[in-house]
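If you want the building blocks of each chain, they are given just below.
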Amino acid sequence: MEEKISIIIPCYNAEQYIDRCLASVVNQSIGLDKLEIICVNDASTDGTWEKLCFWERQYQNEILLVDCEENGKLGKARNIGLAHASGKYVAFLDADDWMELDSYERLYHLGQEYQCEIVQFQFVRDPGTQDIWNAQSRRDKRDFYLDLTDRKEHKKFMVTAIMDNGCTNKLFTRQFIEQNQLSFPEGCAYEDIYWGVLAQLYAKHVYFFNEKLYHC
């Protein structure tokens, strides 16, 4: 298992946003040698595929493109990305969103330090029209680590809903995903809720990094 982060980006009619998204990934402070970028073109009907091909030509060793003939929606696109992932860690990023440039470096080190299956971080609603950090702090709460190997602690964790069901504001170990056979339901909306509930059921070690890294 390579010490990399596999970043899975499902792309459907994202021509307007994909440049911003990929620029935020290839310029990450962790360095491209630590990243595996998997873009799944979900049968886009605009210029998304052409833009993806342009980026792939610039970063042939780091960007893997998968072109789907039929639209399968987010669940199927993410599952296709998972089938190609080879990194130690897996992250999901939507094509119309973007990351802070130090995100994956910080998340990688937290995952290594605490040896956890999931690192959850914060996101911010950002229209992209201003510097969001001028309006609010990147940090609202303290960080904390949970050891959920104790059954009572795990029950409390589930009942209090400390962890949300989203998949894009988390870093997962690929081993955790594969051992628990996690996948997304296909052909439906809110596929991340199904994924998120299963992730909470199986999680044993989780770190909550309360810094806003994800722009959506």
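Rules behind the numbers
- Residues numbered from 1 in each chain as written.
- Predicted model: local features only at pLDDT ≥ 70, side-chain atom pairs only at ≥ 80, totals over all residues.
- Heavy atoms only, no water.
- Helix = DSSP H or I, 4+ residues; strand = E, 2+ residues; numbered from the N terminus.
- Salt bridge = Lys/Arg side-chain N within 4 Å of Asp/Glu carboxyl O.
- Buried < 20%, exposed > 50% of the residue type's maximum accessible area, 1.4 Å probe, protein only.
- Contact = heavy atoms within 4.5 Å.
- Polar contact = N/O pair within 3.5 Å; in protein donor to acceptor, adjacent residues only side chain to side chain.
- Patch = residues over 30% accessible without salt bridge, like charges linked within 9 Å, V, L, I, M, F, W, Y side chains within 5 Å.
- Areas by Shrake-Rupley, 256 points an atom, 1.4 Å probe, with all protein chains shown as cover.
- Core = buried A, V, L, I, M, F, W, Y, C linked by side-chain atoms within 4.5 Å.
- Expected span 1.5 Å × (residues − 1).
- Arc of directions from axis to C-beta.
- Phe/Tyr/Trp six-rings, centres within 6.5 Å; stacked < 30°, edge-to-face > 60°.

Chemist: Give a description of the environment of Cys216 that names residues and reports values.
Modeler: Checked against the element boundaries, Cys216 lands in the segment after β9 (205–215). Sequence-wise, Cys216 and Lys76 are 140 residues apart; in three dimensions their C-alpha atoms are separated by 21 Å.

Chemist: Account for the pattern of salt bridges, naming residues and giving values.
Modeler: As enumerated under the stated definition, the model contains nine salt bridges in all. Where Arg78 meets Asp94, a salt bridge forms, and the shortest distance between an N and an O atom there is 2.9 Å. Of this pair, Arg78 sits in helix α3 (residues 73–84) while Asp94 sits in the loop between β4 (87–92) and β5 (98–99), and the two are 16 residues apart along the sequence. Asp94 shares its class with Arg78; the two are buried.

Chemist: A description of the environment of Lys170 should follow, citing residues and the corresponding values.
Modeler: Relative to the helices and strands, Lys170 resides in strand β8 (residues 170–173). On the accessibility criterion, Lys170 (2% relative accessible area) is buried. With residues up to four places along the chain from it excluded, the contact list for Lys170 reads Val90, Ala91, Ile118, Val119, Gln120, Phe121, Met163, Asp164 and Asn165. Of note is the side chain of Lys170, whose polar atom sits 3.3 Å from the side chain of Gln120.

Chemist: Which residues make up a nonpolar patch on the surface, and what values go with them?
Modeler: Together, Tyr190, Ile193, Val197, Leu201 and Tyr202 give the surface a local cluster of nonpolar side chains, amounting to about 490 Å² of exposed area. In this fold, Val197 is placed in helix α7 (residues 191–202). Residue classification places Val197 among the partly exposed residues on the basis of a relative accessible area of 36%.

Chemist: Break down the nonpolar core for me, citing the residues and quoting the values.
Modeler: By size, the foremost hydrophobic cluster in this structure holds 36 residues, and its most contacted members are Ile5, Ile9, Ile37, Cys39, Leu93 and Tyr104. Considering each element in turn, this core owes the most residues, five residues, to helix α1 (residues 18–26). Non-local contacts of Leu93, meaning those with residues more than four positions away in its chain, are made with Ile7, Ile8, Ile9, Pro10, Cys21, Val25, Trp98, Met99, Tyr104 and Tyr214. Grouped together as the second largest cluster of nonpolar side chains are 28 residues, Cys68, Ile80, Phe92 and Phe184 included.

Chemist: Quick one: what's the story with the side chain of Asn79, residue by residue and with numbers?
Modeler: The topology assignment puts Asn79 in helix α3. On the accessibility criterion, Asn79 (15% relative accessible area) is buried. In terms of polar contacts, Asn79 uses its side chain to reach the backbone carbonyl oxygen of Phe184, at 2.8 Å. If we ignore the near neighbours within four places in the chain, the residues touching Asn79 are Ser183, Phe184 and Glu186.

Chemist: Explain helix α4 (residues 103–114) to me, using residue names and the numbers behind them.
Modeler: Compared with an ideal rise of 1.5 Å per residue, which puts twelve residues at 16 Å, α4 spans 17 Å between its outermost C-alpha atoms and is within 8% of the ideal. Within α4, the full set of buried residues consists of Ser103, Tyr104, Leu107, Tyr108, Leu110 and Gly111. Viewed along the axis of α4, the buried residues span an arc of 165°, placing them on a single side of the element. The first or second residue beyond α4 is Gln115, which carries a positive phi of 50°.

Chemist: How would you summarise the packing of aromatic side chains if you had to cite specific residues and measurements?
Modeler: In this structure the tally under the stated criterion is eleven aromatic pairs. When the centroid spacing of 5.3 Å and the interplanar angle of 90° are considered together, the rings of Phe92 and Phe184 count as edge-to-face. Of the two residues, Phe92 sits in strand β4 while Phe184 sits in the loop between α6 (174–179) and α7, which places them 92 residues apart along the sequence. Each member of the pair Phe92 and Phe184 is classed as buried. Cluster of aromatic residues (ring-pair linked, three or more members): Phe92, Phe172, Phe184 and Trp195.

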